[in-house]
Amino acid sequence: NYLDVKDDRLRDILSSDMIVKTDFLNEKEEESLFVEVEKYMRRLRYEFDHWDNAIHGYRETEKREWNEQNMMILERVKSLAFTSNVAPLAYVHVLDIAKDGYIKPHVDAVRFCGDTITGMCLLSSCVMRLALENDSTKFADVYLPRRSLYIMRGKARYEFTHEVLKDDQSYFKNQYVPRDRRISIICRNEPTTAQNSQT
Ligand code: AKG
């Protein structure tokens, strides 16, 4: 199982709102996505030095056009992840974090993104920690193997912060999960007006 959580209430929430599909991509598909994004990514420098950023050691882009094979993979992601009738955003977020990069706890802004965040994990496995935003002592660790897809929605998306652990903290059920360069290809949907009117 990909979820490590002690609290029963958190387990209930996250078993429906944080789903991981192991081996969502096969090796050829991973390579095909990698080749297309690497053409652009390798020209960028990793950013390390902004202390107030949620992400350290990263480079990123938003991508709208994909080759035919990769478009088919993205269609598979969207039809699996976006069950509500909220339209997916046209731009896909490509995030490349270095071996020593990491993502600090944050909740994605409700102004820019709807109830579902779904990401394919390329090149490296990692541990994602989801903690209750109003009580960070309550958290769950999620194992995201290389080539998996996660679907984070509803309460997991709105009420929990998410982070990707640094290499020296990268443990799942006491097992070290080595961090390497990792690329995530993330689809989000349109913000919902109901969420926006609360802010
Ligand atoms: C974000 O872009 O807000 C993330 O936390 C990215 C998560 C990931 O790399 O899968």
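Residues numbered from 1 in each chain as written. Predicted model: local features only at pLDDT ≥ 70, side-chain atom pairs only at ≥ 80, totals over all residues. Heavy atoms only, no water.

## Focus: the layout of surface pockets
No. 1: When its volume is computed, the largest pocket comes out at roughly 420 Å³.
No. 2: Lining the largest pocket are 26 residues, with His93, His106, Asp108, Ile186 and Arg188 positioned closest to its centre.
No. 3: Of all the secondary structure elements, the ones that give two or more residues to the lining of the largest pocket are β3 (55–63), β4 (92–106), β8 (149–153), β9 (160–164) and β12 (182–188).
No. 4: A class-by-class count of the residues in the lining of the largest pocket yields 17 nonpolar, four polar and five charged. (1 Å grid on protein atoms, 1.4 Å probe; cavity = no way out; pocket = protein on both sides within 12 Å on 5 of 7 lines; lining within 4 Å. Points joined across faces, edges and corners; volume = space filled by probe spheres on them. Helix = DSSP H or I, 4+ residues; strand = E, 2+ residues; numbered from the N terminus. Nonpolar A, V, L, I, M, F, W, Y, C, P; charged D, E, K, R; others polar.)

## Some details on the nonpolar core
No. 1: Judged by nonpolar contacts, the single largest core of 51 residues is most densely connected at Leu14, Met18, Met120, Met128, Val142, Tyr150 and Ile185.
No. 2: The element best represented in this core is β4, accounting for five residues.
No. 3: Apart from residues lying up to four places away in sequence, Ile185 is in contact with Leu33, Val37, Trp66, Leu74, Val92, His93, Val94, Thr118, Gly119, Met120 and Leu122. (Core = buried A, V, L, I, M, F, W, Y, C linked by side-chain atoms within 4.5 Å. Buried < 20%, exposed > 50% of the residue type's maximum accessible area, 1.4 Å probe, protein only. Contact = heavy atoms within 4.5 Å.)

## Digging into the confidence of the model for the protein chain
No. 1: This prediction gives the protein chain a mean pLDDT of 94; 96% of its residues lie at or above 70.
No. 2: Reported confidence for the predicted complex is 0.96 by ipTM and 0.95 by pTM. (pLDDT = per-residue confidence, 0-100.)

## Points about the environment of Leu165
No. 1: By the element assignment, Leu165 lies in the loop between β9 and β10 (171–172).
No. 2: The buried category is assigned to Leu165, whose relative accessible area is 3%.
No. 3: Separated by 63 residues in sequence, Leu165 and Tyr102 have C-alpha atoms that sit 5.9 Å apart.

## Re helix α3 (residues 68–81)
No. 1: Helix length check: α3 (14 residues) gives 20 Å between terminal C-alpha atoms against 20 Å at 1.5 Å per residue, within 8%.
No. 2: Within the span of α3, buried status applies to Asn70, Ile73, Leu74, Val77, Lys78 and Ala81. Buried positions in α3, seen along its axis, are confined to an arc of 140° and lie on one side of it. In α3, those exposed residues whose orientation departs by more than 90 degrees from the buried face are Glu68, Met72 and Ser79.
No. 3: On its buried face, α3 is in contact with α2 (27–41), β4, β5 (116–122), β8 and β12.
No. 4: The distance from a side-chain oxygen at the start of α3 to the backbone nitrogen of Gln69 is 3.2 Å, and the residue carrying that oxygen is Asn67. (Expected span 1.5 Å × (residues − 1). Arc of directions from axis to C-beta. Polar contact = N/O pair within 3.5 Å; in protein donor to acceptor, adjacent residues only side chain to side chain.)

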